[in-house]
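Listed here are the chains, written in short residue letters.
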Amino acid sequence: MHFEAPELPKLVLRGSPKEIGLEHGHRLQKQIKSQIRIYEEIFEYNTKMNWPTVLQLAEEFRASLEQKTPELYAEMQGIAEGAGVDTLDIVALNCRSEISFGSFSDGCTSLSWKKNDDARVLAQNWDWTANIQENLALMDIELSGKPRIYMITEAGIIGKIGFNNNGVGACLNAIKARPCISSKLPIHVALRLCLESTSVESALRSISFLGGVASSQHILIADRTASLGLELSPLGDVHLKEDEYGMIMHTNHFIENRNVTEPSWSKSSPLRLERVGQLAHELADNGIQGNLITPTLLREHIFSDTCYTPHSICSPGDPDVHLTVRTSTLFNIVMDLDQQSLGAEVVVGQPGSGKESAVITLPWA
């Protein structure tokens, strides 16, 4: 039985960067203004910073973005104009992970799995504060000379989780660690650059050419022939390769990268990493491979798992944590990066809970 999860807006965005931004801002004006209010509360609660202080820090990133990624900056300007907000508001949303000095940490669990030599499956649960769920949107973005992107993102944010028609996909695990260097790329900009790439290799070249990322994060990136776990830090990156099962799994702590000022990692992250490995390897040991690795199978056997609740792969949220920053599973996405069946399935809400939405396919009809 399906409940009415928020009906996610589906945006088809075409034209110049500015035109794409204007349409995004215009269509999602209400959600963008809601986002600014929500993040104002989160910053106040988490870092004791008010929004004017956040905007002062956003100015450092704005100058860097205008210089390094002028097309993406023009898109942000368009979003601001379309939504009737200041450009710095939109820069702040896109740099929220960096401006918070590593004090934001979600509860995401991601997995890549080799179907065969020419196909990968890429999947994740995305956990964040529940207020954000009504501000999610699906986007189909096409810019001249670049791959066509299909992604699920937060209103006002130009890069998130998804794939493109070249079969390149990206997932995100936030890492709560310092330092942060504002002259480097915000993680949501790095995700967009991944989605504008024609291969894993070209994505790595783009990020490297622009000087690397501003904060510690993990991007699980795959194309048809390879997947890599990018443990990214402004002090140096480490790349995780597929294990003997053809898998890479990640949660919200660094597994190998020591180029970071390590905090005490969140309690749930090692538990979820161990659990996703156990469940995925069990499936493989039971003969699941190739075309048997389906979105339904992954949702039912891995991404709906509630072992260690509330520190589970599928989390209802920890009632002991303040509502402003309480994270729970907001959606699941499974991407099939296969020339024959390229596409994705998204479920809004907690998979397997009976409260999730019906399956949404990308690209949509």
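With an unreviewed UniProt entry as reference, the protein is termed Peptidase C45 hydrolase domain-containing protein, source organism Petromyces alliaceus.

Participant: How should I be thinking about the overall build of the protein in this particular structure?
Facilitator: When helices and strands are counted, the protein shows 10 helices and 14 strands. For the protein, the C-alpha radius of gyration of 19 Å lies close to 21 Å, the compact-globule estimate for 365 residues. Along the longest, intermediate and shortest principal axes, the C-alpha atoms of the protein span 55 × 45 × 45 Å. Put simply, the protein has 365 residues, and 62% of those count as buried. Within the protein, counting contacts between residues at least 6 apart in sequence, those at least 24 apart form 66% of the total. As displayed, the protein offers around 13,900 Å² of accessible surface, 49% of which is attributable to carbon and sulfur atoms. The averaged location of the 45 negative side-chain charges in the protein is 2 Å from the averaged location of its 31 positive side-chain charges.

Participant: Would you explain the UniProt feature "domain: Peptidase C45 hydrolase" (unreviewed entry) in the protein in this entry?
Facilitator: According to UniProt, the "domain: Peptidase C45 hydrolase" (unreviewed entry) feature falls on residues 116-291. Each end of residues 116-291 is marked by a C-alpha atom, and these two atoms are 9 Å apart; helix forms 21% of the span and strand 31%.

Participant: For this particular structure, what's the right way to read the environment of I36?
Facilitator: Within the secondary structure layout, I36 lies in helix α2 (residues 29-47). When the C-alpha atoms of I36 and A92 are compared, they prove to be 8.8 Å apart, with 56 residues separating the residues in sequence.

Participant: Quick question: what am I supposed to make of the sheet that holds strand β14 (residues 360-362) here?
Facilitator: Strand pairing in a sheet relies on backbone hydrogen bonds. The paired strands run either parallel or antiparallel. Read from one edge to the other, the open sheet built from 6 strands follows the order β11-β2-β3-β12-β13-β14, with strand pairing classed as antiparallel. Of all the strands in the sheet, the pair left with one neighbour each is β11 (247-250) and β14. Strand after strand, the sheet turns through a mean of 15° between neighbouring axes, direction not considered. As paired strands, strand β3 (residues 119-129) and strand β12 (residues 327-338) are joined by 11 bridges and run antiparallel to one another. Within the sheet, the bridge partner assigned to D127 lies in β12 and is T329. Strand contacts of helix α9 (residues 268-285): β2 (109-116) and β11, with the helix running at about 155° to β11, the strand carrying the most contacts.

Participant: Would you mind going over the nonpolar core with me for this structure?
Facilitator: I32, I99 and I219 are the most contacted members of the largest nonpolar core, which totals 93 residues. Leaving out residues up to four positions away in the same chain, I219 has contacts with A170, C171, I187, A190, L191, C194, L228, G229, L230 and L232. In this structure, L283, I293, I302 and I313 belong to the second largest nonpolar core, which totals 20 residues.

Parameters at a glance
Residues numbered from 1 in each chain as written. Predicted model: local features only at pLDDT ≥ 70, side-chain atom pairs only at ≥ 80, totals over all residues. Heavy atoms only, no water. Helix = DSSP H or I, 4+ residues; strand = E, 2+ residues; numbered from the N terminus. Rg over C-alpha atoms; globule rule 2.2 N^0.38 Å. Buried < 20%, exposed > 50% of the residue type's maximum accessible area, 1.4 Å probe, protein only. Contact = heavy atoms within 4.5 Å. Areas by Shrake-Rupley, 256 points an atom, 1.4 Å probe, with all protein chains shown as cover. Lys, Arg positive; Asp, Glu negative; His and termini not counted. Charge placed at Lys NZ, Arg CZ, Asp CG, Glu CD. UniProt positions renumbered as here; feature names shortened; annotations may be inferred. Pairing = 2+ DSSP bridges. Axes fitted to C-alpha atoms, helices over the stretch in contact; angles between N-to-C directions. Core = buried A, V, L, I, M, F, W, Y, C linked by side-chain atoms within 4.5 Å.

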